[in-house]
Amino acid sequence: MKIEKDQILQALSKVQDPLTGRDIVSTGRIRSLDVEDTLVKCTLLYTENLSQQQKSSLHFACISAVEQNFPGAQMHVHLETQLRQGDQPRSILPQVREIIAVGSGKGGVGKSTVSVNLALALKEQGLRVGILDADLYGPSIPKMLGLEGMRPKIKDVHGKAKIVPLEAFGMPVISMGFIVDADQAVVLRGPRLAGILKQFLQDCLWPDLDILIIDLPPGTGDIQLTLVQTVPLTGAVLVTTPQQVAVADAIKAMNMFRLPSIDVPILGVVENMSWFTPAELPENRYYLFGQGAGKQLAEMGEAELLGQIPIIQSVMEGGENGVPAVVNQETDGREVERWMSLGRSLMKQVEIRNATKDPTRIVGIKS
Ligand SMILES: Nc1ncnc2c1ncn2[C@@H]1O[C@H](COP(=O)(O)OP(=O)(O)O)[C@@H](O)[C@H]1O
Ligand SMILES: [Mg+2]
């Protein structure tokens, strides 16, 4: 019997985290996981105080989850209660657990729509989520979240000016659009934009977050480079539409993250505008832009296709009226579930990534 790590993670994702009531995988409790033949060794990290009873039921739940699914497997669980040396908190944004960039090859594929609805879906699932909109050429996030025309406050902290993120639907949000007007944006050059991004990461009062979603400009440029030089990303999500022409550009964006010198894991691909279903023919799917690009891109990046989002009028309207589809009471439950499922798929990939790969390193700056 060959047991794969992700099968074990799948089994452990049924074990409840005693502190949040969610599962131990998506809450990031798995410190390490080793599988040698039929011996499975798992370390859980809990720096909070757990009662003796919580500890033993957690132990028992992990062992039975694995041994039930893999009869013959032997499960050793170790509960670690302290951060190890080398687990030093990040120097920038130590209060943010996972930083995830959302990129695309081209503009207009729905990158911001996906960033916003995905972030809100993760928030609905109990995670603390923030959004950083780094796409100055088309900063649509203020409009999508009903924050258009607003300016963040500046707060003095020990003599240093800090930016206070705005808030929408219980999420902290910062956007280039709050700082620079759209018509001014086009004349700003790369280095100036990169400077603003750095400030958003270094001089912004981000609260404790499980996930910070960064909506990147399309393509590969100064912003992408500055990002990987400033903070260690958990990984990147690529958004594409189903057309073949979109894939060619998306591959370039993906390959930048995969360069050996950058080495940011690809967490997965979201295919947006995958099909259209008219309201009066709910069973019909019209593949207006063709099929298969998302899957193809995911395979090329050795990553998962996290989900497919059809063309939906309410998604587009949500982008216009400041109430995204996921949090709009009028949105069809099945459409909300599509975003929820996307959120769950992403978190599963985050946990697999964290259990199987070393933390990302900040890219060094050569001068
Ligand atoms: N699944 C979808 N269904 C309907 N309209 C969508 C969908 N995804 C995006 N849109 C619309 O397409 C346009 C471009 O989306 P946007 O998220 O701004 O793209 P990007 O950030 O990649 O430039 C917006 O008007 C948005 O509302
Ligand atoms: Mg956008």
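Right, let's walk through the structure included here. The numbering scheme is per chain: residues are counted from 1 as the chain's sequence reads. Think of it this way: whatever chain is written first is A, whatever ligand is written first is 1, and the rest follow in order. For this predicted model, a pLDDT threshold of at least 70 governs which residues receive local features, and a threshold of 80 or more governs which side-chain atom pairs are given and counted, while totals over whole chains, interfaces and linings are taken from all residues. For side-chain calculations, the full set of non-hydrogen atoms in the structure is used, while hydrogens and water are omitted.

Observations concerning the pattern of salt bridges
For step 1, the next point in the chain: When a carboxyl oxygen of Asp or Glu is within 4 Å of a side-chain nitrogen of Lys or Arg, the pair counts as a salt bridge. For the coordinates displayed, the defined rule picks out 14 salt bridges.
For step 2, the next point in the chain: When the shortest N-O distance is used, the salt bridge between D210 and R97 registers 3.4 Å. A residue pair is termed long-range when its members are at least 10 positions apart, and D210 in strand β10 (residues 209-215) and R97 in strand β4 (residues 96-104) qualify at 113 residues.
For step 3, the next point in the chain: The buried label applies to any residue whose accessible area, calculated with a 1.4 Å probe on protein chains only, is under 20% of its type's maximum; exposed applies above 50%, and partly exposed to all values in between. According to the relative accessible area criterion, D210 is buried, its value standing at 9%.
For step 4, the next point in the chain: A salt bridge links K295 to E299; the nearest nitrogen and oxygen atoms lie 3.3 Å apart. Taken together, the residues K295 and E299, both in helix α10 (residues 293-300) and four residues apart, mark about one turn of the helix.
For step 5, the next point in the chain: Each of the salt bridges in this network shares a partner with another, and the network as a whole consists of R97, E98, R128 and D210. In this text, helices come from DSSP runs of H or I with a minimum length of four residues, and strands from runs of E with a minimum of two, each type numbered from the N-terminal end.

Side note on the site of ligand 1
For step 1, the next point in the chain: In the vicinity of ligand 1, 17 residues are found, and the nearest of them are G108, K111, S112, T113 and N272.
For step 2, the next point in the chain: Polar contacts here mean pairs of N or O atoms no more than 3.5 Å apart (in protein, one a potential hydrogen donor and the other a potential acceptor; neighbouring residues in sequence count only if both atoms are side-chain atoms). Here an oxygen atom of ligand 1 sits 2.8 Å away from a polar atom, N or O, in the main chain of K111.
For step 3, the next point in the chain: I312 is positioned such that a nitrogen or oxygen atom in its backbone is 2.9 Å from a nitrogen atom of ligand 1.
For step 4, the next point in the chain: The protein chains shown are the only cover counted for residues, whose accessible areas, like all others here, come from Shrake-Rupley with a 1.4 Å probe. Taking 560 Å² as the accessible area of ligand 1 by itself, protein coverage stands at 82%.
For step 5, the next point in the chain: If you list the elements that add at least two residues to the shell around ligand 1, you get α3 (111-124), β12 (266-276), β13 (305-311) and α11 (313-321).
For step 6, the next point in the chain: When residues are sorted by character, Ala, Val, Leu, Ile, Met, Phe, Trp, Tyr, Cys and Pro go into the nonpolar class, Asp, Glu, Lys and Arg into the charged class, and all the rest, Gly among them, into the polar class. When grouped by side-chain class, the residues that make up the shell around ligand 1 number nine nonpolar, seven polar and one charged. Each residue is tested against the molecule or strand, and it is near if at least one of its non-hydrogen atoms lies within 4 Å.

Quick word on the pairing of strand β6 (residues 153-157)
For step 1, the next point in the chain: With zero of five residues buried, β6 lies mostly on the surface of the structure.
For step 2, the next point in the chain: By the bridge criterion, five bridges tie β6 to strand β7 (residues 160-164) in an arrangement that is antiparallel. When the bridges of β7 are listed, D156 appears paired with A161.
For step 3, the next point in the chain: For two strands to pair, DSSP has to find at least two bridges joining them. Here β6 folds back onto β7 in antiparallel fashion, the turn holding two residues, of which H158 has a positive phi close to 45°.

Brief notes about the packing of helix α7 (residues 190-202) against helix α8 (residues 222-230)
For step 1, the next point in the chain: The angle between two axes is taken between their N-to-C directions and runs from 0 to 180 degrees, where each axis is a line fitted to C-alpha atoms and a helix contributes only its stretch in contact. For the pair α7 and α8, the least separation of the axes is 9 Å and the interaxial angle reads 35°. Crossing of α7 over α8 shows right-handed handedness. In this structure, α7 uses G190, P191, L193, A194, L197, K198, L201 and Q202 to contact α8, whose residues at the interface are D222, I223, T226, L227 and T230.
For step 2, the next point in the chain: Across the contact of α7 with α8, the residue classes break down as seven nonpolar, four polar and two charged. By convention, the crossing between two helices is left-handed when the near helix turns anticlockwise from the far helix through less than a right angle, and right-handed when the turn is clockwise. Here, residues are in contact when the closest pair of their heavy atoms is within 4.5 Å.

A short note on the packing of aromatic side chains
The description of two aromatic rings rests on the distance between their centres and on the angle between their planes.
For step 1, the next point in the chain: Aromatic rings from Phe, Tyr and Trp, with only the six-membered ring used for Trp, were paired whenever their centres fell within 6.5 Å, and each pair was classed as stacked if the ring planes differed by under 30 degrees, edge-to-face if by over 60, and tilted otherwise. Summed over all chains, the structure comprises one aromatic pair.
For step 2, the next point in the chain: Lysine NZ or arginine CZ positioned within 6 Å of the ring centre and within 35 degrees of the ring normal marks a charge as sitting over the ring. Of note, R285 hangs over the ring of W275, and the distance from its end group to the ring centre comes to 3.7 Å.

Describing a nonpolar patch on the surface
For step 1, the next point in the chain: Each patch is built from residues lacking any salt bridge and having more than 30% relative accessible area; the joining distance is 9 Å for like charges and 5 Å for nonpolar side chains (Val, Leu, Ile, Met, Phe, Trp, Tyr). Taken together, the side chains of F276, L281, Y286, L288 and F289 present a nonpolar region at the surface, about 430 Å² in accessible area.
For step 2, the next point in the chain: Residue placement: F289 occurs in the loop between β12 and α10.
For step 3, the next point in the chain: A residue is classified by how much of its surface remains accessible, and F289, at 30% relative accessible area, is partly exposed.

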